[in-house]
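Structure assessment
Chain by chain, the residues run as shown.
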Amino acid sequence: MKKITFLFFLMCAALSFGQSLPVDFEDGTTTPAFAFGGVGFGNVANPDVQAPNTSSRVLEVNKPETADWFGGFGFQTTGAPLIDFNLGTEITFKFWTPIPNLPLRVRVQADLDAGANEAYDFDTVVTTANAWQEITIDFAGIPGVDGNEQFQEFVIFPFYDPACVGADPACTTVGTGNGALYYVDDVAQTITFDPDADASLSDLTLDGVTIDGFNSGVTNYSVGLVNGTTTAPTVAGVATQAGNGSSNVVVMQAGGVPGTATLDVTAPNGVDTETYTVNFFELPPAAPVPSLQPNEVIPVITNNPAYTDIGVNFLEPFGSIAEELDLDVNGSPDTFTFNGGNGGQLNYFAGSNFFDITAAGVFHFDFYAETLNAGDNLNVILFGSDPGTQNQNFRVFVDETQTGVWQSFEIGLNGAGSGLPDEFNGTANTAFSQLALIQFITGEVGSTLPGTTIYIGNVYFRGGTLSTPDVELGNSFAVAPNPSNDVWNIKAANNQNVTSIVVYDMLGKQVLSLEPNTNEVTLNAADLKSGIYLAKLATANGSKTIKLVKN
């Protein structure tokens, strides 16, 4: 069976674990998931058993005078919502304080919306001391909340003074005498939705596998399929209320690729409806396989299996949707993409995973987009481990006539003597013994690239002392016939001698190697399989890579 790989532009949801609401402390062991700023906690007997809280066990929170003013504690899940605003935006909990008019902040954070990273705060004052009070927080009134958010953390900050924000960490408004023990119980979300009116899906699958990044509150998905795919996966959905009344799902499959599948969901009441859409599109073909020998490159992310790629430590978007892709379907990423925003960067600061490019003379990358306009450009910037002082940058203008085609760009590293007409400016290459960031900024003046999806592949460094940089030889070689059934006849212009020829297949494997040192060369293709090959031809004046086709 043909292998089909699905690539998605949504963040994957991890297997969930951790706490869930409601949370009480009756088992004698339950406590928050974390605390910070010098705050401690413990599961203790209720010190004040009276209405509205007659529970036997509660949470004791210790915020001493030595604690940071912003200290607090929180409850947490991982990969699944602790709080789902689709079910209601109200959070309640019981609180006991010895301090009257206590400023209190609560926060929902660690959202599950890919790329948004939103957090919302609610400030209140607990007026009464030495008595249990039921606190109700409704996030519906907070600017920006639309009722569809899901969060993995709920945080409580006792004695949180907003006046301290941006002030000295030892903000004195909390001050001496404000250290105290607080008590908390029955943290819960108020569920306000009507299941009879619920027209959501609890699962959405492609060929029987849950769609990557599925969330019942997300109704629109974009799915990239391997280049050449013509038949879209079969889409199916399960209504959240499938077991409650007459909830129904009607699916209209996509007719092909590109294409859109729709799932119309009707709630049990027969009135409320929701439509989910899955938009399928064809991903680009893989970029041409680099033909340089492994010892001639410092590969970052490429599709040549002979290379040992450094890889992308952290693909960091600048307001974009970013994704690593495996376009040649060989099991490892070979391309990354940005959509919207201002592009992004390959970040190697995590773990200080810097790498040395001082031996290189040229920076190479391939670029692809389905839609381009005149003036489209991106700024490419290299940063050393000290980004304040070490950088090189160059503005690249892409060819707007080459839509749907991979374009290659090579930029000489400043101070490396690449001999290329285009060179970075900024710090000399000798500063890059610790390369930390490679930025591709799309939101430049005159560019429409933030409005389209761009793909970048074959990011590597070459030249310098790694190898002799290629010199552009133009139309310095004539090849006939091409395509060929048995032989390719190659002739170098201007009576140059061809000193070496190395031929690679599209997987980067070397299949032929000659050192003819003559003006005309015949390559025997009889034993080669039909397909496309890349031949690197060298003369005393430089080298050039050409495409050969075997019928």
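Residues numbered from 1 in each chain as written. Predicted model: local features only at pLDDT ≥ 70, side-chain atom pairs only at ≥ 80, totals over all residues. Heavy atoms only, no water.

1. Remarks on the sheet that holds strand E15 (residues 209-210)
Strand pairing in a sheet is mediated by backbone hydrogen bonds. Such pairs are either parallel or antiparallel. Here is the rule: Pairs of strands are assigned from DSSP output, requiring at least two bridges between the strands. Going along the chain from the N terminus, every DSSP run of H or I of four or more residues is numbered as a helix, and every run of E of two or more is numbered as a strand.
Taken together, the three strands give an open sheet; going across it, the order is E15-E14-E17, and neighbouring strands pair in antiparallel fashion. Strand pairing shows two members of the sheet lacking a second neighbour, E15 and strand E17 (235-239), which therefore form its edges. For strand E14 (residues 201-206) and E17, the ladder comprises five bridges, and the chain directions are antiparallel. Across the sheet, residue Asp203 finds its bridge partner in E17, namely Val238.

2. Comments concerning unusual backbone geometry
What counts here: Buried residues are those whose accessible area, probed at 1.4 Å on protein chains only, stays under 20% of the maximum for their type, while exposed residues exceed 50% and partly exposed ones sit between those limits.
With an omega of -15°, the peptide bond between Ala480 and Pro481 qualifies as cis. Cis geometry is found at the peptide bond from Asn482 to Pro483, where omega equals 15°. You will see that Asn458, though not glycine, has its phi angle at about 50°, which is positive. Along the chain, Asn458 falls in strand E32 (residues 453-462). With a relative accessible area of 2%, Asn458 lands in the buried category. Phi angles above zero are rare outside glycine, and Asn517 is one such case at about 55°. By secondary structure assignment, the location of Asn517 is in the loop between strand E36 (510-514) and strand E37 (520-524). Taking the relative accessible area as the measure of exposure, Asn517 reaches 48% and is therefore partly exposed.

3. Focus on the sheet that holds strand E28 (residues 391-397)
With antiparallel pairing, six strands are arranged side by side in an open sheet as E22-E25-E31-E27-E28-E30. Where the open sheet ends on each side, the last strands, each with one partner, are strand E22 (314-317) and strand E30 (425-426). Note that E22 and strand E25 (residues 343-347) share four bridges and pair antiparallel. Within E25, the residue paired with Glu316 across the bridge is Gln345.

4. A few points about the environment of Gln109
Using the following cut-off: Contact between two residues is taken to exist if any of their heavy atoms lie within 4.5 Å; hydrogens are not considered. By the criterion applied in these results, polar contacts are pairs of N or O atoms within 3.5 Å in which, for protein atoms, one can donate a hydrogen and the other can accept it, and in which residues neighboring in sequence qualify only through two side-chain atoms.
Along the chain, Gln109 falls in strand E9 (residues 102-111). Separated by 33 residues in the primary sequence, Gln109 and Gln76 place their C-alpha atoms 9.6 Å from one another. Those residues in contact with Gln109 that sit more than four places away from it in its chain are Glu118, Ala119, Phe151, Gln152, Glu153 and Val155. A distance of 2.6 Å separates a polar atom in the side chain of Gln109 from a polar atom in the side chain of Glu153.

5. Structural notes on the pairing of E25
Burial of E25 is extensive: five of the five residues sit out of reach of the surface. The alternating pattern of E25 places Gly343, Gln345 and Asn347 on one face and Gly344 and Leu346 on the opposite face, and all of these are buried.

6. A short note on the pattern of salt bridges
For the record, the criterion: Here, a salt bridge means any side-chain nitrogen of Lys or Arg that lies within 4 Å of a carboxyl oxygen of Asp or Glu.
For the coordinates displayed, the defined rule picks out eight salt bridges. One salt bridge in this structure joins Lys94 and Asp186, with 2.9 Å as the shortest N-O distance. Of this pair, Lys94 sits in strand E8 (residues 90-96) while Asp186 sits in strand E13 (residues 180-190), and the two are 92 residues apart along the sequence. For Lys94, a relative accessible area of 14% translates into the label buried.

7. Some words on the environment of Asn482
For Asn482, the position within the fold is in the loop between strand E33 (477-480) and strand E34 (487-492). Separated by 69 residues in sequence, Asn482 and Asn551 place their C-alpha atoms 9.0 Å apart. Apart from residues lying up to four places away in sequence, Asn482 is in contact with Trp488, Lys547, Leu548 and Val549. Only 2.9 Å separates the side chain of Asn482 from the backbone nitrogen of Val549, close enough to count as a polar contact.

8. What about the side chain of Asp366?
Let me state the cut-off plainly: His residues and chain termini do not enter the charge count, which takes Lys and Arg as positive and Asp and Glu as negative.
You can see Asp366 is positioned in strand E26 (residues 362-369). Within the buried core, Asp366 has no salt-bridge partner, and the shortest N-O distance to an opposite charge, that of Arg462, equals 10.0 Å. For Asp366, the side chain forms a polar contact with the side chain of Asn458, separated by 2.9 Å.

9. Details of the packing of aromatic side chains
Definition in use: Each Phe, Tyr or Trp ring, with Trp reduced to its six-membered ring, pairs with another whose centre is within 6.5 Å; inter-plane angles below 30 degrees give stacked pairs, above 60 give edge-to-face pairs, and intermediate values give tilted ones.
Scanning the model with the defined rule gives 28 aromatic pairs in all. Summarising the aromatic geometry, the rings of Phe349 and Phe354 are spaced 5.4 Å apart at their centres and angled 85° between planes, so their arrangement reads as edge-to-face. A centroid spacing of 5.4 Å and a plane angle of 75° characterise the contact between Phe365 and Phe440, whose relative ring orientation is edge-to-face. One end of the pair, Phe365, is in strand E26; the other, Phe440, is in strand E31 (residues 435-441), with 75 residues separating them in the sequence. When sorted by exposure, Phe365 lands in the same class as Phe440, which is buried. Ring pairing ties together the aromatic residues Phe336, Phe338, Tyr348, Phe355, Phe363, Phe365, Phe409, Phe424, Phe440 and Phe461, which thus form one cluster.

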